[in-house]
Amino acid sequence: MPVAAAAPLISSVQKLVLYETRARYFLVGSNPAETKYRVLKIDRTEPKDLVIIDDKHVYTQQEVRELLGRLDLGNRTKMGQKGSSGLSRAVSAFGIVGFVRFLEGYYIVLITKRRKMADIGGHAIYKIEDTNMIYIPNDSVRVSHPDETRYLRIFQNVDLSSNFYFSYSYDLSHSLQYNLTILRMPLETLKTETTQTRQESFDIFEDEGLSTQGGSGVFGICSKPYEKYVWNAKLLEAVRSAVHRDWLLYIIHGFCGQSKLLIYGRPIYVTLIARRSSKFAGTRFLKRGANCEGDVANEVETEQILYDASVMSFSAGSYSSYVQVRGSVPLYWSQDISTMMPKPPITLDQADPYAHVAALHFDQMLQRFGSPIIILNLVKEREKRKHERILSEELVAAVTYLNQFLPPEHAIIYIPWDMAKYTKSKLCNVLDRLNVIAESVVKKTGFFVNRPDSYCSILRPDEKWNELGGCVVSTGRLQTGVLRTNCVDCLDRTNTAQFMVGKCALAYQLYSLGLIDKPNLQFDTDAVRLFEELYEDHGDTLSLQYGGSQLVHRVKTYRKIAPWTQHSKDIMQTLSRYYSNAFSDADRQDSINLFLGVFKPAEGKPHLWELPTDFYLHQKNTLSLSQTRQSYTFWWTTGVLKHLPLPFDEVTCAENRRKLTVKKFHKYEEEIDIHNEFFRPYELSSFDETFCLAMTNSTRDFMPKNVGIDPSPFTVRKPDETGKSVLGNKNNREETVLQRKTAASAPPPPSEEAVSSSSEDDSGTDKEDEGAVSQRSTPVKVTDAGDNTKITENVVQSTKDVYGVNLSDIPSEDDLAIYARFVQLGQSQHKQDKGSQQFYSKHSLDTVINLIPISSFSQDNIYEVQPPRADRKSIEIFHAHIQAGRGNMQPLGRDDFLMYREYIRNRYM
């Protein structure tokens, strides 16, 4: 069945300006090129209700200027008065977080500052740097409430500038495997979905005048987000059905980091994305176990993505990913912190003989990941006084009960391993044992890659590769099943175990892309050091969010190569974690409950701070009995078992198709043009601020600085040979400072400025000065500039050696002026009125821009090139050309005589 040409839909609302009058707010949103605009009208005369009008019309820049001009003129106090404006510009933004109401009117939360953190196939992932919360009703209708200020302070205690991420074109709530699977749906399925969408509603973005049968159309696909990992779903609930989908920006909470692995100059991007669940979310001792719906505490889905950055397209490039999960033990259990003990006793709150809550949890995992579900339980097995072992015994009983009813090939696999006991033993190597577990896990689940096995894998067969599990399809490999790791807190031990599994999967990913000859990676190589730093920052961030401190035990601790100073740091982190759990966790839990909509303030109800516990907020079965009871034996959702080992969410069926928005666009439309979205040809670019040049780099940050060293990132180095340690061994005269920025405490880069307003163009939006410094980058500050230059010269050859000419460091002022003028001309060209572009309409672009390659390759990429297939006429012309060069002229035909006669007539007569 043919696969359709499909691309992710890109939001056309990426720049926003909020205009204010006494009666209304006008939110003007535009695409980055400022050629298409949408307008939201928000009523300010309603004291407690939210009234939003979206006219669903797409404006040009000239139309928006005229609209704002009329609004300004109509809202002045006196007609013709020029002194006071009736329309004022309130704030510029990059997206809407949502709308929230406590006891008075509604607030709107806007993203006012962002920073690019990662790039996946040209799709940018941003971190929220700053937000603005604006009260909507005006002062004349405002009804004051004495407790409003306290609720506002609690809500703002959730720091949106700390580890909240969003993207305009990439669905962060789903895995890369899901996002690329829906792009490869059969052509007939997409045609059906497009027809249904057109019949249900009319939208300006639908296929205007496009033939439904092929042609130059491209399907744009947008999926419904997975709400478990969306943190502003409740904040957008009031407007979701009233506004166009481009206004809805879904954010995730967790971690996002990206580094560049240079393999002899070939850029490979390694990305780590952690999605924290918004269900049963909270802090360490206040959220343990699971709720009645199967959602567990501290549940985080970690995905490592590897792709070749030299090819950007999702269809032509090579992408690979591997997903793991961590989460609390899925039982009803808790710890009482009122005793002020470092390790409060573990208590089982409810008896669950039929593993009801565990069944709901594993049912969710089967739907999202398929089978097998592998549990790696790291809690202690042998204790003088039973503490952690209580959880192990109950979890074993639950898994044993549930496996009775599953087919043996899809049974839940349980792996118990007392990591703490092995760590104390001097005879056992913890990481070696973890590596054996990781190999068996990856072989069972496989991993995702979007291209078939490379030819080099056939030339160099490997035994481990042939034993790999997962699902092999014509377009590559799919990961089926997932590893679920847990200890008690799911912090230190869990992060180290996940790192070892991720390291094993990374080797298979590199091998599948033809980058290494064996699916093995050794410690003390540049690639593993880079990956270890990513995982340490990932662990520090998640530990701060849940436990209140950074990691106490790191990978180096379990390798037993940590420096002696690490012990004092571990003590400080333990004290910090204890202080946070004892004194600040309750306030943080209240903020999370209010932000996620678990608690909704209302008149006549107890206030949030008056509740003795939030148990009843998260356990919904305590307030109302469920009308349906789950079966004790057939505990999975109907239809899940039929498609195993494939995950039900990725199967093409009617239920999953209803989650998709499919529309057909012309191939030059901005809504599906990722090249235009990534390169931004209408903006002035500076190499110093380019994100890909500023991110952590294996050659610059990890490779030794000595000439003659093997530059391969897979070469084992001595501990004192890395790039960072070379700088660290310098004497005190240089005052070298190595500052690692973790995700939770990373301030904005110094070059990032506040948003600047433009008074010349009322309809335009603020230009963004995006800090391109990676969130995990390690800036090196050296006081002696001369020595720093010497270090750089040892790594990078001069331009004279490479190109034969010396390139000036800074262009001359004349060259910069010419380039600035060129950019201005380009901007003016992109901002012309839509009416003047009728000649270049979508229907005439096929004749104006008709790029046909001289040689057509069926597959043409950096991995595989097939010989061109020339037609018969081309072969005849080529042979005639060869014969003419040898003096063998073919006799002229009638067409040749007519052509020659026409030429003579036009030339001489």
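Residues numbered from 1 in each chain as written. Predicted model: local features only at pLDDT ≥ 70, side-chain atom pairs only at ≥ 80, totals over all residues. Heavy atoms only, no water.

S.K.: Any chance you could explain the nonpolar core here in plain terms?
M.R.: Generally speaking, soluble globular proteins have nonpolar side chains that are buried together. With 55 residues, the main nonpolar core has Leu-434, Val-442, Phe-499 and Leu-510 as its most contacted residues. Of all the elements in the fold, those that place two or more residues in this core are β12 (252-263), β13 (266-276), β14 (300-308), β18 (373-377), α9 (430-445), α12 (492-512), α13 (526-546) and α14 (555-559). Here the element with the most residues in this core is α12; it accounts for eleven residues. When near neighbours in sequence (up to four residues on either side) are disregarded, Val-442 contacts Tyr-322, Leu-468, Val-501, Cys-504, Ala-505 and Tyr-508. Residues Val-109, Met-133, Phe-155 and Leu-594 belong to the second largest nonpolar core, which totals 33 residues. (Core = buried A, V, L, I, M, F, W, Y, C linked by side-chain atoms within 4.5 Å. Buried < 20%, exposed > 50% of the residue type's maximum accessible area, 1.4 Å probe, protein only. Helix = DSSP H or I, 4+ residues; strand = E, 2+ residues; numbered from the N terminus. Contact = heavy atoms within 4.5 Å.)

S.K.: Teacher, can you tell me more about the sheet that holds strand β11 (residues 217-223) here?
M.R.: Each strand in a sheet pairs with its neighbour through backbone hydrogen bonds, running either in the same direction (parallel) or in the opposite one (antiparallel). The sheet built from three strands is open, its strands ordered β1-β11-β24 with mixed pairing. Edge positions in the open sheet fall to β1 (6-8) and β24 (660-666), since each of these has one partner strand only. On average, each strand axis in the sheet is inclined to that of its neighbour by 35°, with strand direction left out of account. Strand direction decides the pairing type here: β1 and β11, joined by three bridges, are parallel. Opposite Ala-7, over in β11, you have Gly-220 as the bridge partner. (Pairing = 2+ DSSP bridges. Axes fitted to C-alpha atoms, helices over the stretch in contact; angles between N-to-C directions.)

S.K.: Would you mind going over the environment of Ser-698 with me for this structure?
M.R.: Looking at the secondary structure, you find Ser-698 in helix α21 (residues 698-701). In this structure, Ser-698 is in contact with Lys-260, Leu-261, Leu-262, Leu-530 and Met-703, ignoring residues within four places of it in sequence.

S.K.: I would appreciate a short explanation of the side chain of His-387 in the present structure.
M.R.: In this fold, His-387 is placed in the loop between β18 and α7 (389-403). Apart from residues no more than four positions distant in its own chain, His-387 is found in contact with Gln-335, Lys-343, Pro-344, Pro-345 and Ile-346.

S.K.: Would you explain the pairing of strand β23 (residues 482-486) in this entry?
M.R.: Side chains on a regular strand alternate between the two faces of the sheet. Counting buried residues in β23 gives five out of five residues, a clear majority hidden from the surface. Going residue by residue along β23, you find Val-482, Arg-484 and Asn-486 tucked away on one face and Leu-483 and Thr-485 tucked away on the opposite face as well. Relative to β23, strand β15 (residues 319-326) runs parallel, the two sharing three bridges. In the strand pairing of β23, Arg-326 is matched with Thr-485.

S.K.: Got a minute to help me understand unusual backbone geometry in this structure?
M.R.: Comment: phi is negative for the bulk of residues other than glycine, and the bulk of peptide bonds are trans. Put simply, Ser-371 and Pro-372 share a cis peptide bond, and its omega is 10°. You can see Pro-372 is positioned in the loop between α6 (356-369) and β18. With an omega of 10°, the peptide bond running from Leu-644 to Pro-645 counts as cis. Structurally, Pro-645 is set in the loop between α17 (640-643) and α18 (654-657).

S.K.: Which parts of the structure should I look at to understand the sheet that holds strand β2 (residues 15-20)?
M.R.: Pairing is antiparallel in the open sheet, where five strands are placed in the order β5-β4-β3-β2-β6. Each end of this open sheet is capped by a strand with a single partner; those strands are β5 (52-54) and β6 (88-93). This sheet shows a mean twist of 20° between the axes of neighbouring strands, independent of strand direction. Strand direction decides the pairing type here: strand β3 (residues 24-30) and strand β4 (residues 37-43), joined by seven bridges, are antiparallel. Residue Val-28 lies in a different strand from β4, and its bridge partner there is Val-39.

S.K.: What is the right way to read α6 from this model?
M.R.: The α-helix winds at 3.6 residues per turn, so residues separated by three or four positions along the chain end up facing the same way. Along its 14 residues, α6 runs 20 Å from first to last C-alpha, staying within 8% of the 20 Å computed at 1.5 Å per residue. Within α6, twelve of the 14 residues are buried, leaving the element largely enclosed by the surrounding structure. When α6 is considered as a whole, its buried residues turn out to be Val-357, Ala-358, Ala-359, Leu-360, His-361, Phe-362, Asp-363, Gln-364, Met-365, Leu-366, Arg-368 and Phe-369. Buried-residue contacts for α6 involve β14, β15, β18, α7, β23 and α17. Positive phi appears at Gly-370, one or two residues downstream of α6, with a value of about 80°. (Expected span 1.5 Å × (residues − 1).)

S.K.: Quick question: what am I supposed to make of the environment of Gln-62 here?
M.R.: Mapped onto the secondary structure, Gln-62 falls in helix α1 (residues 61-74). Distance in space between the C-alpha atoms of Gln-62 and Thr-35 is 9.4 Å, their sequence separation being 27 residues.

S.K.: Before we go on, may I ask you to explain the packing of α12 against α13 in this structure?
M.R.: How two helices pack is summed up by the angle between their axes together with the distance between the axes. One can describe the packing of α12 onto α13 by two numbers: an axis separation of 10 Å at closest approach and a directional angle of 145°. Here the hand of the crossing between α12 and α13 comes out right-handed. Residues Asn-495, Gln-498, Phe-499, Gly-502, Lys-503 and Leu-506 of α12 form the contact with α13, whose participating residues are Val-528, Phe-531, Glu-532, Tyr-535, His-538 and Gly-539. Classifying every residue of the contact of α12 with α13 by side-chain character gives five nonpolar, five polar and two charged. (Left-handed = near helix turned anticlockwise from the far one by under 90°. Nonpolar A, V, L, I, M, F, W, Y, C, P; charged D, E, K, R; others polar.)

S.K.: Looking at this structure, I do not really get the pattern of salt bridges. What am I missing?
M.R.: It is possible for side chains bearing opposite charge to pair when their charged atoms get close. Considering all chains together, one arrives at 35 salt bridges under this definition. Of the charged contacts in the structure, one is a salt bridge between Glu-20 and Arg-44, with a shortest N-O distance of 3.2 Å. Of this pair, Glu-20 sits in strand β2 while Arg-44 is found in the loop between β4 and β5, placing the two residues 24 residues apart along the sequence. For the salt bridge of Lys-620 with Glu-293, the shortest nitrogen-to-oxygen distance reads 3.9 Å. (Salt bridge = Lys/Arg side-chain N within 4 Å of Asp/Glu carboxyl O.)

S.K.: Even after reading the chapter, I still don't get α9, so can you show me in this structure?
M.R.: Over its 16 residues, α9 runs 23 Å from end to end, which matches the ideal 22 Å to within 8%, given 1.5 Å per residue. For α9, the complete set of buried residues consists of Val-430, Leu-431, Leu-434, Ile-437, Ala-438, Glu-439, Val-441, Val-442 and Thr-445. Between the side-chain oxygen at the start of α9 and the backbone nitrogen of Leu-431 there is a gap of 3.1 Å, and the oxygen is on Asn-429. Gly-446 lies just past α9 and shows a positive phi near 70°. (Polar contact = N/O pair within 3.5 Å; in protein donor to acceptor, adjacent residues only side chain to side chain.)

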